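Observations on chain architecture
Residues per chain are reported as follows:
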Amino acid sequence: MIPYTVNIKLAARTLTGTLNLQNKTAVDWGWQGLIAQGCHSSILIIDPKTAQTIQVLERHKANVVKVKWSRENYYHNLSSPYCLRLASGDASGKIIVWDVVSGTAHCEIQEHSKPIQACDCKLIFIMFFCPFSPVLTSEGIVFITDFSYSKPPGSAGKKVYIASPHASPAHTKPAPATAPAPTGAKKALNKVKVLITNEKPTAEAVTLNDCLQLSYLPSKRNHMLLLYPREILILDLELSQTVGVVAIERSGVPFIQVIPCAQRDALYCLHENGCITLRVCRSTVATEEAADPEQSVQELVYDLRSQCDAIRVTKTVRPYRMVICPVNENKAALMVSDGRAMLWELRAHTGKAATNPSSGLSPLYSPVSFCGAPLGPNQKKIQDLSLNSMIGQTLIAGETLPTSSNQQEVQLKFLLTGLLSGLPLPPFAIRMCPPLTTKNINHYQPLLAVGTSNGSVLVYNLTSGLLHKELSVHSCEVRGIEWVSLTSFLSFATSAPNNMGLVRNELQHVDLPTGRCFAFRGERGNDEPPIEMIKVSHLKQYLVVVFRDKPLELWDIRTGTLLREMAKNFPTVTALVQTHLHTNKNVVLYQVKNRYRFLSSSPYSLLQDAESKSETSQAISAREHFVFTDTDGQVYHITVEGNTVKDGARIPPDGSMGSIACIAWKGDTLVLGDVDGNLNFWDLKARLSRGIPTHRGWVKKIRFAPGKGNQKLLVMYTDGAEVWDTKEVQMVSSMRIGRNVNYRILDIDWCTSDKVVLASDDGCIRVLEMAMKSASYRMDEQDLTDPVWCPYLLLPRAALTLKAFLLLQPWSGTFTMDVTQVDYSEKDEIKGLIQEQLNSLSNDMKSVLQDPELSLLQRCLLVSRLFGDESDLHFWTVASHYIQSFAQARQLTVSAAEGQAQSEGVQPSPQSHLDICHDVLCESSYFQKFQLDRVHLQEVKRSSYEHTKKCADQLLLLGQTDRAVQLLLETSADNPSYYCDSLKACLVTTITSSGPSQSTIKLVATNMIANGKLAEGVQLLCLIDKAADACRYLQTYGEWNRAAWLAKVRLNPAESSDVLKRWAEHLCSPQVNHKSKAILVLLSLGCFYKVGEMLHSMRHFDRAALFIEACLKYGVMEANDSRSAVASLTHYAHKLIEAAFLDYARLLRTLGLREGAALWASRAGSAGEQLMEELFQGEGGIPEAILGEEVVELGLESKE
């Protein structure tokens, strides 16, 4: 049987290596669960769960300086599906928006009139993707609040300056004598003196050049951090003052990056030694030991809670950037300059820490809830699901310490869960293993051997793109590799020459399965001319070793013996090729008849016979042929059989060719390449020769493609590469540095019959199609070693089906993770892809999802985390909290007074409050405590009259009149505001609730507001307990956020509810159109009917139906609604319920989930009955199982 090679399907891909310095900031971890990392001009897409590179995007011509995933803060449906979109910007200013799954570009953005610098590209990213972020300049901070996508800002923004006497802000000296002298407890705080001013300070005071980073704190509104090498400063933007500092000891390792968390008031810090630390804000609850009030001054303190191991830092190995998972905030990835990605996961372990009692560290407790709901006695949970499921909320002043027996003290530890390594520094020598044949098809692996500059050989499996083995073979740079079988290869390396030009040659034989290496040439190799090349014969019997200034050696690979060392007068070899011509010794070889023709009786027919006989007995050898050229361009032909070497034909040099640099022979075609860029094609059968001048300089290497009859030729030049068709003698494709690529080719080879592999000086190895255009590929063509959980890889319809499948399976008594067990009308291919996603979930996650005690609200939150759906997660976090809160309050109300309805706007007092990162969505009581705690911190941190004035104003709004009067009386006599502040203090002290005084103050306040003094007028109205009027004035003048803040801290629940409802109406107006935010506001008020109505009108059918279902289960659908007649409300509620359930049933039918559609339709009244008939048309009626389920569900509904 004639063996033949076939084309195995390998995806085009890029094996990446070390990073460029411009790639330092080009990394992002998206809500989709994937990491994007810039590597030179390419972009890697990494799955952090399995530590695999699942995509490489290539289109940029310059180094990538910034990458950003699209946000997932929108409702997902078929028209707005789950999709992987990424934006990247390079140093030339080009921005590309990618469809990551297909590896194609959606659009490209670039201003062609002038190039944009790298820093400008980053600024565009800041504005385009984070439009409300502050911009750090060399002089100060610019806040742009009126940024819009459709028009430029109307103003230059508000610019503030950082004034600090020294470059180390946390070690500054007290304020100069011109500033107000600090009094009382403030004397202890002069060690932190960083002021934010509106006036430009002197040049000596500007320290922003030392500032490494500026970020908002997502866990607290109006807070920002400044990162310096040895300090982190926490700034309160309302006070414009430092309220906390994290300083490193003198011997500590400096910071290079910090990432603030949203779920907890915590900071992930990256240090110069590659160590990641987690610092959690200390509780501000006053301890009993703090007897001295001077020592109990509040300050934001972030305690070190965990740290990971450092890396070995060298000149070429440095930590570049850290990113954390935005969904769960308990995973971090460290990007190292050598291309490594280290994946760390934060784990919580129960138990008390053996710490020093004097350290001041308060214990961390695990929360008693899971996914926003109290944990059942036998309910399964994943403690390390997210940061807020691992540690509880930071306590503030006014809160009580937890007393629940269910709370356990936890310790946090970092665990290395994944490591992704890149290629080392170039240069590389690459060689693909022998091609696929019918003999090796059962055990073939497409392995690529990569020789590196440090002497190691890396073997990659090109099917998965993963490192198969890393072998430390040599002590110096690997210069070449030749495979002798599918599982073994020879590699050679040469050391640096000595003063005589001699080197140490290393020729090693490596067996892959065992990793065994041995010196093939034995003791030879010291102090001799360097090896130029090695060639293995076609049948892997013989090895030719070519030296620079020494005759070649011929070795028997099977026995490891030297057959012949050529005489000193043997010509110097410049190019050598093993030929496909070979015969068994019983077959006659036809001699060369003329200068251009070498013939074999049958070039391919004897291959299998010769191979099989050479394998069964080493005594039987097939005759093999080598062709080489010397320095004069003369072509030599030699034959080897057993221990015999015979000279064949000698062909004189071609006058049109220069010095021959390389030679390749396949079938009847011989190709020569010279140092001048000429290619000479010899057709041995037709006795023709044709020379082609390429004008591209030195032809470095030429290789024929594998496969019978495949006459494609890969040519490597100094400035690129080309693919030629030797049958037609024409170029197929070309790649040239500076024209279509920005990297230089170092080595070439074929990996299949239609794909080439190129090693380049940017540290990457690329597998490309024959056109050599791009290495991006479709991710669904990948053959990954480990399955990847990423619903975004599915088709839009399939992703939504998977979500609906995980959210609710009410048609079955038990929850299943097998999509084939449900009535799902879809192609088997799509079903298979969905089942692959389900199978890729962890066992813990499957166990929790199948737990019958997992409530609907918990399931919705868990699935939103799994999908990385930002919009869903925010909605269900707030909805779950307030549905349970109002349900709990309703039970207490009913038990206290049977039949007495809950008054409108009365908010419950739940066991746990909503996290403060939700700001005005939190309960009023907790929000008030937080604001009082904050203003007290501002008060003790004030360091100038402006700060004192802001603190006094804030205290007046909060109703803390006594403390405000004390601050007003601190104004010094030489201050221009001394008289006004004194009168103001008198006014605040003497205000009574009498009618005349209130009327006068209200009139004055109204006039002040009408004349542009809104803040002063609001302050006066708050003094006479007219905060509701103040809120209305603030809303009238467009200060909606300020009005909501004031309503939360000053008004009773009913009045606060009115103010927030007006705000919600404003958010729903066409001019604003922030309905998603309005829904969150209405959720915090308990207006659940209105929320359901809005969700349904916005066509958020699945969210609306599941939300209404949750409200019915908890019995809060009618809670706190503004309608007066309960009967009419019930009528409207039933209409809404039926409409929502019907539309959700139609959505499920569209997705192909017929059982789910039938169940929801059975609860949708008469319209649902019609849909039921359509679903089961022609099947003899509705199944009894669904009808039985319908009775149960309707009974539950009527009960509620």
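For the structure itself, look to the data block above.
In this report, we go over the structure that sits alongside the text.

Each value, and the rule that gives it
- Residues numbered from 1 in each chain as written.
- Predicted model: local features only at pLDDT ≥ 70, side-chain atom pairs only at ≥ 80, totals over all residues.
- Heavy atoms only, no water.
- Phe/Tyr/Trp six-rings, centres within 6.5 Å; stacked < 30°, edge-to-face > 60°.
- Buried < 20%, exposed > 50% of the residue type's maximum accessible area, 1.4 Å probe, protein only.
- Helix = DSSP H or I, 4+ residues; strand = E, 2+ residues; numbered from the N terminus.
- Lys NZ or Arg CZ within 6 Å of the ring centre and 35° of its normal.
- Core = buried A, V, L, I, M, F, W, Y, C linked by side-chain atoms within 4.5 Å.
- Contact = heavy atoms within 4.5 Å.
- 1 Å grid on protein atoms, 1.4 Å probe; cavity = no way out; pocket = protein on both sides within 12 Å on 5 of 7 lines; lining within 4 Å.
- Points joined across faces, edges and corners; volume = space filled by probe spheres on them.
- Nonpolar A, V, L, I, M, F, W, Y, C, P; charged D, E, K, R; others polar.
- Pairing = 2+ DSSP bridges.

This part takes up the packing of aromatic side chains. For the structure on display, the rule yields 16 aromatic pairs. Seen from their ring centres, Phe875 and Trp876 are 5.0 Å apart, and the 80 degrees between their planes marks the pair as edge-to-face. Residue classification places Phe875 among the buried residues on the basis of a relative accessible area of 3%. Here Phe1088 and Phe1107 contribute two aromatic rings whose centre-to-centre distance is 6.0 Å and whose plane-to-plane angle is 65 degrees, an arrangement assigned as edge-to-face. A residue pair is termed long-range when its members are at least 10 positions apart, and Phe1088 in helix 19 (residues 1088–1097) and Phe1107 in helix 20 (residues 1101–1114) qualify at 19 residues. Overall, Phe1088 belongs to the buried group, its relative accessible area being 0%. Accessibility expressed as a relative area gives 0% for Phe1107, which makes it buried. A cation over a ring is seen here: Arg859 above Phe815, with NZ or CZ 4.1 Å from the ring centre. We note Arg1103 situated over the ring of Phe875; from NZ or CZ to the ring centre the distance is 5.1 Å.

Grouped burial of nonpolar side chains is what soluble globular proteins tend to show. Of all hydrophobic cores here, the largest spans 179 residues; its most connected members are Ile45, Leu86, Leu806, Leu1046, Leu1083 and Phe1107. When residues no more than four places from it in sequence are discounted, the contact partners of Phe1107 are Phe875, Trp876, Ala879, Ile883, Leu1083, Phe1088, Val1091, Gly1092 and Leu1095. Counting 32 residues, the second largest nonpolar core, distinct from the first, contains Leu15, Leu436, Ala449 and Leu471.

Further remarks concern empty space enclosed by the protein. Applying the stated criterion across every chain, the model contains six cavities of 30 Å³ or more. Here the largest cavity is characterised by a volume of approximately 310 Å³. If you go around the largest cavity, you meet 24 residues; those closest to its centre are Lys220, Asp265, Ile396, Ile916 and Phe930. With five residues, the top contributor of residues to the lining of the largest cavity is helix 9 (residues 924–941). Residue composition of the lining of the largest cavity, by class: nine nonpolar, eight polar and seven charged.

Among the six residues in strand 37 (residues 531–536), five count as buried, and that is most of the element. Relative to strand 38 (residues 542–547), strand 37 runs antiparallel, the two sharing five bridges. Bridge pairing links Ile531 to Phe547 in strand 38. In textbook terms, the turn of a hairpin is the stretch between consecutive antiparallel strands, and for strand 37 and strand 38 this stretch comprises five residues, one of which, Lys540, has a positive phi near 60 degrees.

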